[in-house]
Amino acid sequence: MSKDIFVFAEQRDGKLQNVSYELIGEAASLAQDLGQKVVAVLLGDKVKQYGDELIKFGADEVIVVEAPILKEYMTEPYAKALTAVIRDRNPEIFLIGATSIGRDLAPRISARIKTGLTADCTALCIDPDTKLLMMTRPAFGGNLMAIIRCKDHRPQMATVRPGVMQPMEKDLSRTGKVERFQVKFDDRDINIEILEIVKKTKTAADITAAKCLVSGGRGIGNKEYFGELRELAELLDGEISSSRAAVDAGWMDKERQVGQTGKTVRPELYLACGISGAIQHVAGMENSNTVIAINKSETAPIFGVSDLGIVG
């Protein structure tokens, strides 16, 4: 019988990724509704010492698969290891971050264990009647939000956008079990050769980490007005961001796009200037703590998710 909520704890170069903490926090909330435990699965080489950190952030147990072959991410060894863990432990739910690694890994695992996968989720909850996982994601180009269930197969699998969920506060008093899980690898598991790893140097600030975002859309008029938004962002100790329309127009870099095809953000203050509020954009910022919108149209959908609206 399937039980417990498993989370793939993604690490890179021995550093746990923020999405791992976010998913463990969400899993802890879901686990309360099911009366089950949260189990983090950590893969890598010499990474067991990070197990205690995952427990402090909400995991009840940590399963560690260690091997030199897992030092750098390769699809086949990682897929083999996670598939082995799932077949042995039979989880009720399995969550993976919708990162470049997660998006490569999750569909291969779901195919091997013959279960469904809901990709790029923006919300998760437990149905109080059926106890099924309700997985919400944008559909039809973001024109509507679909709620998907996986009735007949286990585990119920989902990839979740980074930045959507809230991590738990670190609790130094939490304790839990960290155990090793053995997976036998051989030469057939290495189907590619990594010749070189070239790390991209980020030139732009990470808008997902900003406490304040001043965001512009098509309605601000032209690229030059982003200079005024940037000045305001600096006064507020924040960053500038934009809608897809501004990116498509060449006014703003893709790294600063908020929305379904951009980044999901959760700042303390989101200031939307000249953004109509299409569902594709709202999906990326609706969890902001405070939203202030400025738009010339009083019927703009952005006002439906705003705490304060200014028509002008």
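Calculation notes
- Along each chain, residue indices are assigned from 1 in the same order as the chain's sequence is written.
- Only residues with pLDDT of at least 70 get local features here, since the model is predicted, and only at 80 or more are side-chain atom pairs given and counted; chain-wide, interface and lining totals rely on the full set of residues.
- Calculation of side-chain values draws on the structure's entire complement of heavy atoms; hydrogens and water are dropped beforehand.
- Each helix corresponds to a stretch of at least 4 residues labelled H or I by DSSP, and each strand to a stretch of at least 2 residues labelled E; elements are numbered beginning at the N terminus.
- For this measure, only C-alpha atoms enter the radius of gyration; the expected value for a globule follows 2.2 Å times N^0.38, where N is the number of residues.
- When a residue's accessible area, from a 1.4 Å probe over protein chains only, is under 20% of the maximum for its type it is buried; when over 50% it is exposed; and in between it is partly exposed.
- Definitions used for this entry: grid spacing 1 Å over protein atoms alone; cavity, a set of points where a 1.4 Å probe fits but cannot get out; pocket, an open set with protein on both sides within 12 Å along at least 5 of 7 lines; lining residue, one with an atom within 4 Å of a point.
- Grid points are joined across faces, edges and corners, and a volume is the space filled by probe spheres set on the points.
- In this classification, the charged set is Asp, Glu, Lys and Arg, the nonpolar set is Ala, Val, Leu, Ile, Met, Phe, Trp, Tyr, Cys and Pro, and all remaining amino acids, among them Gly, are polar.
- When DSSP finds at least two bridges between two strands, those strands are taken to pair.
- Whenever a helix is involved, its axis is fitted only over the stretch in contact; in every case the axis is a line through C-alpha atoms, and angles between N-to-C directions fall within 0 to 180 degrees.
- When checking whether two residues touch, look at their non-hydrogen atoms; a contact exists if any pair is within 4.5 Å.
- Like charges within 9 Å and nonpolar side chains (Val, Leu, Ile, Met, Phe, Trp, Tyr) within 5 Å are joined into patches, using only residues over 30% in relative accessible area that form no salt bridge.
- Under the convention used here, a 1.4 Å probe and the Shrake-Rupley method define accessible areas, while residue burial counts only the protein chains that appear.
- By definition here, a salt bridge exists when the distance from a side-chain nitrogen of Lys or Arg to a carboxyl oxygen of Asp or Glu is within 4 Å.

Novice: What exactly am I supposed to notice about the overall build of the protein here?
Specialist: Looking only at helices and strands, one finds seven helices and 17 strands in the protein. Computed over C-alpha atoms, the radius of gyration of the protein comes to 21 Å, within 12% of the 20 Å expected from 2.2 N^0.38 for 312 residues, which places it in the range of a compact globule. Across its three principal axes, the protein shows a C-alpha extent of roughly 65 × 50 × 40 Å. Classification of the 312 residues of the protein by burial places 49% in the buried group.

Novice: For this particular structure, what's the right way to read the layout of surface pockets?
Specialist: Approximately 500 Å³ is the volume found for the second largest pocket. Forming the boundary of the second largest pocket are 25 residues, of which Arg218, Ser243, Ala245, Ile275 and Ser276 lie nearest the centre. Broken down by secondary-structure element, the contributors of at least two residues to the lining of the second largest pocket are helix H6 (244-248), helix H7 (279-282) and strand E16 (290-295). The element best represented in the lining of the second largest pocket is H6, accounting for three residues. Classifying every residue of the lining of the second largest pocket gives five nonpolar, 16 polar and four charged.

Novice: Mind showing me how you'd approach the sheet that holds strand E9 (residues 133-139) here?
Specialist: Consider a sheet: its strands pair through backbone hydrogen bonds, and that pairing is either parallel or antiparallel. As summarised here, the arrangement of the three strands in space is E8-E9-E10, forming an open sheet in which the pairing is antiparallel. A single partner strand is all that each edge strand has here, and the edge strands are strand E8 (123-126) and strand E10 (144-148). Each adjacent strand pair in this sheet contributes to an overall mean axis angle of 25°, direction not counted. Here E8 runs beside E9; their pairing, made up of four bridges, is antiparallel. Across the sheet, the residue bridging to Ile126 is Leu133, located in E9. Packing of helix H1 (residues 18-34) onto the sheet brings it into contact with E8 and E9, and relative to E8 it is tilted by some 20°.

Novice: Where do I start with a nonpolar patch on the surface in this structure?
Specialist: Judged by side-chain polarity, Ile192, Ile194 and Ile197 come together as a nonpolar surface patch covering roughly 250 Å² of accessible area. Looking at the element boundaries, Ile192 is found in the loop between strand E12 (177-180) and strand E13 (212-216). Judged by relative accessible area, Ile192 falls into the partly exposed class, the value being 44%.

Novice: How do you make sense of the pairing of E9 when you look at a structure like this?
Specialist: Remark: a regular strand shows side chains that alternate across the two faces of the sheet. When you tally the buried positions in E9, you get six out of seven residues, the bulk of the element. Where E8 folds back on E9, the antiparallel hairpin that results is connected by six residues, among which Lys131 adopts a positive phi of roughly 65°. Bridge count for E9 against E10 is five bridges, and the pairing is antiparallel. Paired with Arg137 across the strands is Ala146, a residue of E10.

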